[in-house]
Amino acid sequence: MGKLAHFLFRKPFQKIGMGLLSLIMALSILPVESHAFNLFNSEGNDGYYLSITNDPDNIRVVPVVVYDRHPKKQKMQAFLEYDQTKTPYALFNTNKWKLPGVGSGQTSKTGWLEDSVWPIYKKNGINPEDVSQDTMLAWTFPGFAGQDIAEDYQASQKDLDQAMWVSDTLVQEFNSAISFVHSAVQKYGNKDLAVMNENQFANMIVLLANAGRDANMNGSSSFKYHGVTFNLTNASKEEASIQKPKGVPSGAYVKITVKGHEKDATGLFIEYVEKGYRKGQKLHGTLNGTFQNIVEKKGNADVQYLNWKHIVLQSNSLWSANSITFSNIGRLNEPSKFEQYVTDMFSNTITGLRQLLGLYSTTDLITNGGIRGTDNYYNGIMPMIWMDAASILHWISYALSWMMIIGAIVKLLVQRNIAAINPSERVDMIHGIKNLMIVGFALSVFDLIFAGLTEFNFLLVDLFANASKDLSFFGTEPLGMGMLASIIISLVFFFFDVYFNFFYISRALVIAILYAVGPLYVASIAFGEKYRQIFGNYCRELIGNIFVQTFHAVILVFFTSLSLNGNLRTIEVIILLFCFIPLTRFFKESIGASTSTADTLSGIATAATTGLMLSGMAFSRGRGKANEMKTEGSAGVAEGNDIRMKTARDFDTRFGNWKRAGSALGSAAGNLAKGGAKTILGAGMAIGGSATGMNGVATAGGFLMGRGASDLNAARHDIHADSRPLKTMAQKAGQAIDSGLLSKGRLWWNKYTGEHSVLGSGVMPKDVRSLADKSVLEIYDKAQFSNQTGITGFRDLDNAGDELEVSTGFVAGQGFAGGSFRHLHNTDYEARMNEMVDAFRNKDLEAMRAYQDRGITGIKIDKDTNRVSLIMDKKRTNIGNVYHSGENLYIQRKSYNDLPLQRRSHDRLSDRKYVPKTTNPIEEALNPKKDHEA
C-alpha cells in the first residue's frame, strides 16, 4: 500500500497538491468575503471597499473590508461604495461643509441623506445622483477603481493592507472617542444613554465628527451633549510627547476634555490619516506614471486625508438610505440565490453535525471550560459515570493483583529452599522480598498518587487558563458572510473541532482503562526485574496522557500571547491549530509515552466524519432532485403554453438558449458536487493524515483539495456560460420559491393558519417543515423575528442542550424603552416581562416557582447594559434545536413525553405532534393562563 501511494503521488504531485492547499488556506487572510475566491466572478475592475456601519447596540461603528470586483469594466457608479447610497463621499468638502444633525423619529432617519445631506452637495453645484463616471471613490482602495484605465490595475495585498491600516488607526480611534463621550455622559451628565437608539447614536457621532474637524482646522471647538460640555483642541503640542503609530501625519490628533473635569476626563485621539495614494504618501511610489497622474488630477484627485466626517458620512448614509447597520451588514453585497443555496446547504450540514455530535469547543477541552470544569467531571478528564465504571474494574484488578502477590510469595518460598544450596538463588530471593515490599507500598498509595496527579494537572490547567483573558477567542472560526470562501474555512475549523474532541475523548478512555488495570501493572513488579520495564512503560503512558492537557494549555497561552488581545488572523489560527498535532506527538514521545492510540483514533474520526458529511450532503442533493421531479411536469406545461405563442424561428432560438443554459447549469452542478466532495474529503485526509503521521494520506488530502478547487473553478465558468438565460431561469425560480404558495400550504397544514389554527400571537413564520419525530421546524426572517419579539440571540448553556439562554433587548428597570425595540414599549408583553424580572430580582419564591414550572428557570442581567437574558428549559417550552443561516432563523418546536409528571407512566409513547400556540417562546412561558402540555 505504501509503494502504491508513493507511485500515485510522486514529488511533482505532492508539490502541486500541497501548494494548492496552501493557496486555499492563504485565502483566509482576507478579513471578510473575498471575491478573489468567489466561484462566480471573472476578471475586471476591482478594489477593496472599507465599509463602515453603525452599531448603536454596542456604541461603536464597525469597519469591514469587502473585495469589490466586477466581471467586466465598470463605471464608478457600479461600485458598492456609490451604488448603495448614490452619494459621492470623495466630493464632500469636510473642511468647509458641516454634517447635518439627526432628529428623532423615522422621518429624520430616512430624510437625513436625501433631505439634509444632498442639498449641501447641490448648493455647491454637485448633483449626487449625476456625477462623472471617473469620480474618485473615497473608501475604495484604490479610489480610481471605477475609471476605464483601472482595468489595467489589479488590486493587491498592498491595497488591502492600506485599507486595514486605515481601519485599525482612524476608525478604531474614532470608536475610542465615541466611547469617551458616551462614558462621560454616563458619569458626569444626564446618565440617560445606557441604551441608545439608532437616531441618538447617529446624532452623537455627527456632533463629534463636526467638532473634531473644527478643532483641527480652527484650533478649538466644543459641543454640549446630554448635560456634558466637551472641549476639543488641536493636540499638536501633546502629540510631540507620545509615540504615534507609523504613518500618522503630524497634527492629526485632537484633545477632548470634559468641562469641569479636565484632570480626570481627557483623551487624545487621531482625527485624520492619509489615504495613502497621493504624492508623498505610502503607496504613491508603487503606482506607475499613468496612475500617479490620475490620483493627482486637478479637480478629480484622490482623497488626500480621511477623517471622522468621512466615517460618519458613510455610516449614516448607509443607515439612512438602506437601513444598513452592522446587524445586517450582509445586505451590502448579497450573493446570488444559487450561491446562497449552496452556502446554506453547507452551513446547515455543518451546523447540524455540530449539534448532533455535541462537540465541545477546543478551548473548553483544553482549559476544562463549561461543564468539564464542574463536579460532573472527574478533574476535567472524564464524566463521573465513566470514573465510577472504571472504579469497579479497578477494585477487581486490586483483588487479582493480591492473588498475583500470593503467587509471588509461593515462588519465594520455593526459592528459599533452593537458596540454601545455590548462592545465586539467594540473591534473587532477596530482590524478590524487596520487590514485594515495593508492591505492597505502591498498591497502598496507588489511588492517592493517581488522584494527586490528576488534581495537580487540573490545578495547572486552571492556572494557565486564568493567565490570559482571551483564550475563549482561540480556535473559533471567523464571522462568515454567507460566501463559499467562508464555508471552506468553516469546514477546516469543523475538522479541527472533531479532531480535538476525539483526541480528548480517547484520552479519557485511555486514562480510565489505565486506572482500572493499574494494580495489575504494579503487581507485575513482584515477579522479577524483567517485569519492571512493563511497569515503567505503564507509568510513562499514564503520566503522558494526564499531563498532555497541561502541555496543551501552555501552548494555548503562548499562542494567544502572540497577538495583542488574542486577535489572530484566520490563517495564523489555522497554522497554530495544525501545530498542536506535531507538538503533542513531540511531548508524548519525549517522555516515552505512546503516540499511536489517541492520534490514530482522532485521525480515523476526522476521516469518518468527513464521510458522514459527504453522505449527508448527497442525501440533501438527492432529496432536492426528487422534489424537482415532482414539480417538473406542471412547470413544463406552463412553459410550453408560453412557447406555443411564438413563431417557429423564435421557438428555435429560445429553445437553443434554454438548452444551452440547462446544459451549463447541469455541468456546473456536477462540477460543484465533485469539487465540494473532493475539497471536504481532502481536508479531512490532510488533518487526519497529519494526526496519525501518515504522510502519504496527508499529501493525498492536499492533492484532492487542489483537484476540488479546479472542479469548483470549472463550475464558475459553467455558470457564466450563457449567463442571460441562466439569469432568467434564476429569476423565475426565485419567483416560484418566493411566491409562498407551498409555504402557505405548509403553514395551513401544521395549524399555523386557517380555521383550525390555535396560534394566539407572535411573529408568523415564513415557512414550516414537519420532521420525522413529529416536531415542526419553524423558519423565520431573522431580523423580523428579533424586531417583533425583542429576542436578540439563542445559546445552548450545556453540552446536553437541555437549557437555552435567550438574550433580549429588554433592559431591567427600563423595559423596551430604548434601542431598536421602542415599539414594544408600554405593551402587555413588556408588562409581563417586568413582572417576571421583578420576581427573580426580589427572590419571590412562589412566583419564581410558577415561572420555573412554565420553563423560565432563571435570568441573567448584564452588569454593564442591564440587558436581561432568560434561562429557559427546552422541554417545558417545547423547543428543540435553534440555529441560523444567512438571514434565516430556524427554531425546532416539539412536544416532549419525558417531563416529570409523565415519567410515572409505564407507557413510553413517541413524542406527540407539536401544535403551535404562540411563536414567541418567551411570551408563551410568561403567560400565566397558559395550560402547558407536558
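Residues numbered from 1 in each chain as written. Predicted model: local features only at pLDDT ≥ 70, side-chain atom pairs only at ≥ 80, totals over all residues. Heavy atoms only, no water.

Undergrad: Please explain the overall build of the protein as it appears in this structure.
TA: The helix and strand inventory of the protein stands at 25 helices and 19 strands. Long-range contacts, defined as pairs at least 24 residues apart, comprise 70% of the intrachain contacts of the protein with a sequence gap of at least 6. When the accessible area of the protein is evaluated, it comes to approximately 44,400 Å², of which 56% is carbon and sulfur surface. (Helix = DSSP H or I, 4+ residues; strand = E, 2+ residues; numbered from the N terminus. Contact = heavy atoms within 4.5 Å. Areas by Shrake-Rupley, 256 points an atom, 1.4 Å probe, with all protein chains shown as cover.)

Undergrad: How should I be thinking about the sheet that holds strand β15 (residues 803-811) in this particular structure?
TA: Sheet strands pair by backbone hydrogen bonding; their relative direction is either parallel or antiparallel. Read across the open sheet, the 4 strands follow the order β14-β15-β17-β16; overall the sheet is antiparallel. Strand pairing shows two members of the sheet lacking a second neighbour, β14 (791-796) and β16 (856-861), which therefore form its edges. Geometrically, the sheet is characterised by an average inter-axis angle of 25° between neighbouring strands, direction not taken into account. Looking at chain direction, β14 and β15 are connected through 5 bridges and run antiparallel. Pairing of Arg 795 across the sheet is with Glu 805, part of β15. Helix-sheet contacts for helix α23 (residues 828-841) involve β15, β16 and β17 (867-873), and the interaxial angle to β16 is about 85°. (Pairing = 2+ DSSP bridges. Axes fitted to C-alpha atoms, helices over the stretch in contact; angles between N-to-C directions.)

Undergrad: What should I look at first to understand a negative patch on the surface in this one?
TA: On the surface, a cluster of negative charge is contributed by Glu 114, Asp 115, Glu 129 and Asp 130. Position of Asp 130 among the secondary structure elements: in the loop between α4 (106-123) and β3 (140-141). (Patch = residues over 30% accessible without salt bridge, like charges linked within 9 Å, V, L, I, M, F, W, Y side chains within 5 Å. Salt bridge = Lys/Arg side-chain N within 4 Å of Asp/Glu carboxyl O. Lys, Arg positive; Asp, Glu negative; His and termini not counted. Charge placed at Lys NZ, Arg CZ, Asp CG, Glu CD.)

Undergrad: Any chance you could explain the pattern of salt bridges here in plain terms?
TA: A side chain with one charge may pair with a side chain of the opposite charge, provided their charged atoms come close. Per the stated rule, a full pass over the model turns up 13 salt bridges. Across the pair Arg 867 and Asp 57 runs a salt bridge, and its minimum N-O distance is 3.5 Å. A residue pair is termed long-range when its members are at least 10 positions apart, and Arg 867 in strand β17 and Asp 57 in the loop between β1 (46-55) and β2 (60-69) qualify at 810 residues. The partly exposed category is assigned to Asp 57, whose relative accessible area is 36%. (Buried < 20%, exposed > 50% of the residue type's maximum accessible area, 1.4 Å probe, protein only.)

Undergrad: I would appreciate a short explanation of the environment of Ala 593 in the present structure.
TA: Relative to the elements of secondary structure, Ala 593 occurs in the loop between α16 (570-590) and α17 (596-643). Relative accessible area serves as the criterion here: at 7%, Ala 593 is assigned to the buried category. Discounting residues that sit within four places of it in the chain, Ala 593 has contacts with Arg 540, Glu 541, Gly 544 and Lys 588.

Undergrad: Could you clarify how one ought to interpret the sheet that holds β2 in this entry?
TA: Strand order in the open sheet made by the 3 strands is β2-β1-β3, with antiparallel pairing throughout. The outermost strands of the open sheet, each flanked by one partner alone, are β2 and β3. This element, helix α6 (residues 198-218), spans β1 and β2 of the sheet and lies at about 115° to β1. Together, β1 and β2 form the strand contacts of helix α9 (residues 308-322), whose direction differs from that of β1 by roughly 75°.

Undergrad: Would you explain the packing of helix α5 (residues 157-188) against α9 in this entry?
TA: Each pair of packed helices gets described by two things: the angle between the helix axes and the distance between those axes. Contact geometry for α5 and α9: axes closest at 10 Å, N-to-C directions at 85°. Taken together, the axes of α5 and α9 lie roughly perpendicular to each other. Seen from α5, the contacting residues are Leu 170, Val 171, Phe 174 and Ala 177; seen from α9, they are Trp 308, Ile 311 and Val 312. Of the residues that constitute the contact of α5 with α9, the class distribution is 7 nonpolar, no polar and no charged. (Parallel < 35°, antiparallel > 145°, perpendicular 65-115°, else oblique. Nonpolar A, V, L, I, M, F, W, Y, C, P; charged D, E, K, R; others polar.)

Undergrad: I would appreciate a short explanation of the pairing of strand β6 (residues 253-258) in the present structure.
TA: Residues in a regular strand project their side chains so that they alternate between the two faces of the sheet. Among the 6 residues that make up β6, 5 are buried, leaving the element largely enclosed by the rest of the structure. In terms of strand pairing, strand β5 (residues 228-234) meets β6 through 5 bridges, oriented antiparallel. Within β6, the position partnered with Leu 232 by the bridge is Ile 256. Pairing of β6 with strand β7 (residues 266-270), which is carried by 5 bridges, proceeds in the antiparallel orientation. Pairing of Val 254 across the sheet is with Phe 269, part of β7.

Undergrad: Explain the pairing of β17 here, please?
TA: For β17, the tally of buried residues reaches 6 of 7 residues, placing the bulk of the element in the interior. Of the strand pairs in this sheet, β15 and β17 are connected by 6 bridges, and their pairing is antiparallel. Each residue of the ladder has a partner; that of Glu 803, found in β17, is Asp 873. Bridge count between β16 and β17: 5 bridges; the pairing is antiparallel.

Undergrad: Help me understand unusual backbone geometry, please; the structure alone is not making it clear to me.
TA: With glycine set apart, most residues show a phi of negative sign, and most peptide bonds adopt trans. At the junction of Phe 141 and Pro 142, the peptide bond is cis and its omega measures out at 5° in the coordinates. Considering the arrangement of structural elements, one finds Pro 142 in the loop between β3 and α5. Unusually for a residue other than glycine, His 226 sits at a positive phi of about 50°. Looking at the secondary structure, you find His 226 in the loop between β4 (220-225) and β5. The exposure class assigned to His 226 is partly exposed, which follows from its relative accessible area of 22%. Even without being glycine, Asn 878 reaches a positive phi, approximately 60°. As for its placement among the helices and strands, Asn 878 is situated in the loop between β17 and β18 (879-885).

Undergrad: How do you make sense of the UniProt feature "transmembrane region" (unreviewed entry) in the protein when you look at a structure like this?
TA: UniProt feature "transmembrane region" (unreviewed entry): in the numbering of this structure it lies at residues 392-414, 435-459, 479-496, 508-527, 542-564, 571-588 and 600-620. The span residues 508-527 shows a helical share of 80% and a strand share of 0%, and its end C-alpha atoms are spaced 30 Å apart. Annotated as residues 571-588, this span is 100% helix and 0% strand, and its ends, taken at the C-alpha atoms, are 27 Å apart. (UniProt positions renumbered as here; feature names shortened; annotations may be inferred.)

Undergrad: How do you make sense of the packing of aromatic side chains when you look at a structure like this?
TA: The geometry of an aromatic ring pair is captured by the separation of the ring centres together with the interplanar angle, meaning the angle of the planes. As enumerated under the stated definition, the model contains 29 aromatic pairs in all. Taking the centre distance of 5.2 Å and the plane angle of 45° together, the rings of Phe 174 and Trp 308 count as tilted. Within this pair, whereas Phe 174 is found in helix α5, its partner Trp 308 is found in helix α9, the two being separated by 134 residues in sequence. A relative accessible area of 0% means that Phe 174 is categorised as buried. (Phe/Tyr/Trp six-rings, centres within 6.5 Å; stacked < 30°, edge-to-face > 60°.)

Undergrad: In this structure, what is going on with a nonpolar patch on the surface? I would like to understand it.
TA: Taken together, the side chains of Ile 392, Leu 393, Ile 396, Leu 400 and Met 403 define a hydrophobic patch exposed on the protein surface, amounting to about 500 Å² of accessible area. When you line up the elements, Leu 400 lands in helix α12 (residues 384-419).

Undergrad: Honestly, the nonpolar core in this entry has me stumped. Any pointers?
TA: Soluble globular proteins tend to bury their nonpolar side chains together. Within the largest apolar cluster, 97 residues are counted, with the highest numbers of intra-cluster contacts made by Trp 139, Leu 208, Phe 230 and Trp 308. Considering each element in turn, this core owes the most residues, 14 residues, to α5. Discounting residues that sit within four places of it in the chain, Leu 208 has contacts with Phe 174, Ala 177, Ile 178, Val 181, Phe 223, Leu 232, Ile 256 and Trp 308. Formed by 55 residues, the second largest nonpolar core is a distinct cluster that contains Phe 496, Val 510, Ile 525 and Val 573. (Core = buried A, V, L, I, M, F, W, Y, C linked by side-chain atoms within 4.5 Å.)

Undergrad: How should I be thinking about the side chain of Arg 278 in this particular structure?
TA: Relative to the elements of secondary structure, Arg 278 occurs in the loop between β8 (272-274) and α8 (289-295). With residues up to four places along the chain from it excluded, the contact list for Arg 278 reads His 284, Val 295, Glu 296, Ala 301, Asp 302, Val 303 and Gln 304.

Undergrad: Help me understand α4, please; the structure alone is not making it clear to me.
TA: Residues lying three or four places apart along an α-helix face the same way, a consequence of the helix completing one turn every 3.6 residues. In this model, α4 (18 residues) spans 25 Å end to end at C-alpha, consistent with the 26 Å of a helix rising 1.5 Å per residue. The largest bend in α4 is about 60°, located at Trp 112. All of the buried residues in α4 are Lys 109, Gly 111, Trp 112, Leu 113, Val 117, Trp 118, Ile 120 and Tyr 121. Its buried side turned inward, α4 meets α6 and α9. At the exit of α4 stands Gly 125, carrying a positive phi of roughly 80°. (Expected span 1.5 Å × (residues − 1). Bend = angle between axes of the 7 residues up to and from the residue.)

Undergrad: I tried to follow the confidence of the model for the protein on my own but got confused; where do I start?
TA: Regions with low pLDDT should not have their predicted coordinates read in detail. On average, residues of the protein score 75 in pLDDT, and 67% of them reach the 70 mark or higher. Contacts of residues 604-660 to residues separated by more than four positions or lying in other chains number 39 contacts, the stretch itself having pLDDT below 50. Considering only residues more than four positions removed or in separate chains, one finds that residues 730-739, a stretch of pLDDT under 50, has 3 contacts. (pLDDT = per-residue confidence, 0-100.)

Undergrad: How should I be thinking about the environment of Ile 126 in this particular structure?
TA: Within the fold, Ile 126 resides in the loop between α4 and β3. Here the alpha-carbon distance between Ile 126 and Pro 88, two residues 38 residues apart in the chain, equals 9.5 Å. In this view, Ile 126 contacts Leu 91, Trp 97, Tyr 121 and Val 131; residues no more than four positions away in its chain are not counted.

Undergrad: I'm lost on α9 in this one. Help?
TA: Between its first and last C-alpha, α9 extends 21 Å over 15 residues, near the 21 Å set by a 1.5 Å rise per residue. The element α9 is extensively covered by neighbouring structure, given that 13 of its 15 residues are classed as buried. Where α9 begins, the capping side chain belongs to Asn 307, and its oxygen is found 2.9 Å from the backbone nitrogen of Lys 309. Following α9 by one or two positions, Ser 323 adopts a phi angle in the positive range, close to 55°. (Polar contact = N/O pair within 3.5 Å; in protein donor to acceptor, adjacent residues only side chain to side chain.)

Undergrad: Where do I start with the packing of α5 against α6 in this structure?
TA: The geometry of α5 relative to α6 is characterised by a closest axis approach of 11 Å and an angle of 110° between their N-to-C directions. Our classification of the angle between α5 and α6 gives roughly perpendicular. Where α5 abuts α6, its residues Phe 174, Ala 177, Ile 178 and Val 181 lie against Phe 201, Met 204, Ile 205 and Leu 208. The residue inventory of the contact of α5 with α6, partitioned by class, reads 8 nonpolar, no polar and no charged.

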